[in-house]
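Next come the chains, spelled out residue by residue.
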2 protein chains.
Amino acid sequence: MAKRAGSKNRSVRGSRTGRPIMALLDLLGQRWTLRILWELRDTPLTSRALRTACDEASPTVLQARLTELREAGFVELGEGGGYGLTPLGRELCETFMPLHRFAERWKK
Amino acid sequence: MAKRAGSKNRSVRGSRTGRPIMALLDLLGQRWTLRILWELRDTPLTSRALRTACDEASPTVLQARLTELREAGFVELGEGGGYGLTPLGRELCETFMPLHRFAERWKK
DNA sequence: GCACGTTGCTACAGAAAATGTAGCATATAG
DNA sequence: CTATATGCTACATTTTCTGTAGCAACGTGC
């Protein structure tokens, strides 16, 4: 089915359609992706701090997601260590920032 | 670890924190959730049509997501059949509509 | 010149979730 | 009574995530 064979296969599900929105939706619709972006929204974090922020998610997935997000150009690893959003990533983050307000109204 | 026991456990990961944004991020950060909302963005679809639109995703997950989305109040099953967004769901959808434009610029 | 504490990152077994295929019960036609 | 469509489920196989442990590399201080 030509899916992610190793850690180098970036064609997240919907990418096959060629529609960028699908690729993006697929990337964001993976476990922890949205959360990672959210946690990095205004401060870079070290891999460990990010792990803590993400409710102790296993480093395996986190690392996998960080790699994907880096390859997508949304996240970068600063030279002094620590993950942060790229300008593009920050832009993306702001795109779904209204979610915060929505969530508050939605409550649950 | 007190996670989803059956199909009736709605506490998607981050909900424990009590922060609505986490619950929302967790719900949206599950496979197919974003995609489903996207596909329903302007037309209700039958379960089958939705399946087709979602690149033939397995009915098992689709059904699970639809249930969650219904319980969250974002999606509803019309009396004449077919799934559609609730007013709240439409609102949520519009919240991340800018993603479309972003994705186009992002290309890949 | 080596104990420390940190960083990013990986291994791997066990648990959980998704896939793919088939099918059920119901309803609405023809 | 077929025939087709709906929403929905079963279930074995495959994929993904979790949880825990640990690696190599970089300091900092001693």
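### Topic: the overall build of chain A
Along the backbone of chain A there are six helices and two strands. The order of helices and strands in chain A, counted from the N terminus, is α-α-α-α-β-β-α-α. Taken across its 108 residues, chain A has 34% of its residues classed as buried. Put simply, 42% of the contacts in chain A that link residues at least 6 apart link residues at least 24 apart.

### Let's talk about the confidence of the model for chain A
Residues and elements named next belong to chain A. Averaged over every residue, the pLDDT of chain A is 85; residues scoring 70 or more account for 83%. Between the elements of chain A, mean pLDDT differs from a low of 92, seen in helix H1 (residues 20–28), to a high of 97, seen in strand S2 (residues 83–85). Below pLDDT 50 for its whole length, residues 1–11 participates in six contacts with residues either more than four positions away or in separate chains.

### Concerning the protein's contact with DNA strand C
Close to DNA strand C lie 22 residues; Thr46, Ser47 and Gly81 of chain A together with Ser58 and Thr60 of chain B are nearest. Mapped onto the surface near DNA strand C, the elements with two or more residues apiece are helix H3 (47–53) and helix H4 (59–71) of chain A together with helix H4 (59–72) of chain B. When the residues that make up the surface near DNA strand C are grouped by side-chain class, the tally is nine nonpolar, nine polar and four charged.

### As for the relation of the copies chain A and chain B
Mapping chain A onto chain B is achieved by rotating through 180° and translating by 0.0 Å along the same axis, at an RMSD of 0.0 Å. Taken together, the rotation and translation relating the two chain copies correspond to the operation of a two-fold axis. Of every C-alpha in chain A, the one belonging to Gly29 of chain A sits nearest the axis of rotation, 2.3 Å from it. Of the residues that chain A buries at the interface, 100% are likewise interface residues in chain B, meaning the two copies contact each other through the same surface.

### Section: the environment of Arg70 of chain A
All names here are of chain A. With respect to the helices and strands, Arg70 occurs in helix H4. For the pair Arg70 and Leu85, spaced 15 residues apart in sequence, the C-alpha separation works out to 9.1 Å. Excluding residues within four positions of it along the chain, Arg70 makes contact with Val75, Glu76 and Leu77.

So, how was this worked out
Residues numbered from 1 in each chain as written. Chains lettered and ligands numbered in written order. Predicted model: local features only at pLDDT ≥ 70, side-chain atom pairs only at ≥ 80, totals over all residues. Helix = DSSP H or I, 4+ residues; strand = E, 2+ residues; numbered from the N terminus. Buried ≥ 20, exposed ≤ 12 C-beta atoms within 10 Å, placed from the backbone. Contact = placed C-beta atoms within 7 Å. pLDDT = per-residue confidence, 0-100. Near = placed C-beta within 6 Å. Nonpolar A, V, L, I, M, F, W, Y, C, P; charged D, E, K, R; others polar. Least-squares fit on C-alpha atoms with pLDDT ≥ 70 in both.

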